[in-house]
Amino acid sequence: MGWLYMRSLAGYATPKAYLDAKFTYDRDTGGSRVLASSLVGRRTYYAAVEWMTAGSGEREVWGLVCLVRYNPRDREGLVFGYKDMSESMGPCESECPARILDLLTATDNTYALAWRARCRARLSERSARAAKPTPKPGDVVVLAEPILFRDGRTFSRFEAVAWPGRSRSGLVYRSELGGLYRIPKLKDRVYRIEGRQGPRTRA
């Protein structure tokens, strides 16, 4: 399905609230309910949607993904747009929260299974990343693979140094030769922390 744009949220406070209501309805053939949803990064909506078939009471909970664009100041007045996809379409977006994945019922759809597996793998990666120790000022950080910096020098061992305002984390890293460097995406790298550096002796 393509993008749908509109000039308002039809009275709903947020894109999430609009989509929750959009996919909650009753028909002669059955009823649809959003059991849980989340707007990740303001651009991707994930939901566990329950479908109850009328008469038989057959129940299925499937994964829904909506790409979202919301701009209340859009020049053309098209403030809200979305593109919806079921998990059976194999969406590229795979940052669905675990609490939503846990609600989905069993499926044999190949694309849906692959999508669920990608989401679970992403959650595992994020968990492993979060579990890595965060350096503090004075800690010695040793990288498994050296970094080549713009000045042509290569280092793998650093001392974490507090320097507010110079990086988002408030830390920079002092090499063994004394130069200060930033290490981008540290937690995406393999490293260990050996402990705090002792007092430095100035020449």
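Up top is the structure.
Rules of the game
- Residues numbered from 1 in each chain as written.
- Predicted model: local features only at pLDDT ≥ 70, side-chain atom pairs only at ≥ 80, totals over all residues.
- Heavy atoms only, no water.
- Pairing = 2+ DSSP bridges.
- Helix = DSSP H or I, 4+ residues; strand = E, 2+ residues; numbered from the N terminus.
- Axes fitted to C-alpha atoms, helices over the stretch in contact; angles between N-to-C directions.
- Contact = heavy atoms within 4.5 Å.
- Core = buried A, V, L, I, M, F, W, Y, C linked by side-chain atoms within 4.5 Å.
- Buried < 20%, exposed > 50% of the residue type's maximum accessible area, 1.4 Å probe, protein only.

Caption draft 1: Just the sheet that holds strand β2 (residues 25-27), in detail. What the 6 strands build is an open sheet, ordered β1-β6-β5-β4-β3-β2; its pairing is antiparallel. In this open sheet, the two edge strands, each paired with only one partner strand, are β1 (4-6) and β2. Strand-to-strand twist across the sheet, computed as the mean angle between neighbouring axes with direction ignored, equals 25°. The pairing of β1 with strand β6 (residues 80-86) spans 3 bridges and is antiparallel. Looking across to β6, one finds that Tyr5 is bridged to Gly81.

Caption draft 2: Region of interest: the side chain of Thr44. One can find Thr44 in strand β4 (residues 44-53). What Thr44 contacts, discounting residues up to four positions off in sequence, is Ser38, Leu39, Val65, Cys66 and Glu93.

Caption draft 3: Highlighting the nonpolar core. If you look at the biggest cluster of nonpolar residues, it comprises 15 residues, and the most contacted ones within it are Tyr18, Leu19, Tyr45, Leu64, Cys66, Phe80 and Tyr82. Of all the secondary-structure elements, those providing two or more residues to this core are α1 (15-22), β4, β5 (59-70) and β6. Excluding its chain neighbours within four sequence positions, the residues that come into contact with Tyr45 are Lys16, Leu19, Asp20, Val34, Ser37, Ser38, Leu39, Leu64, Val65, Cys66 and Val68.

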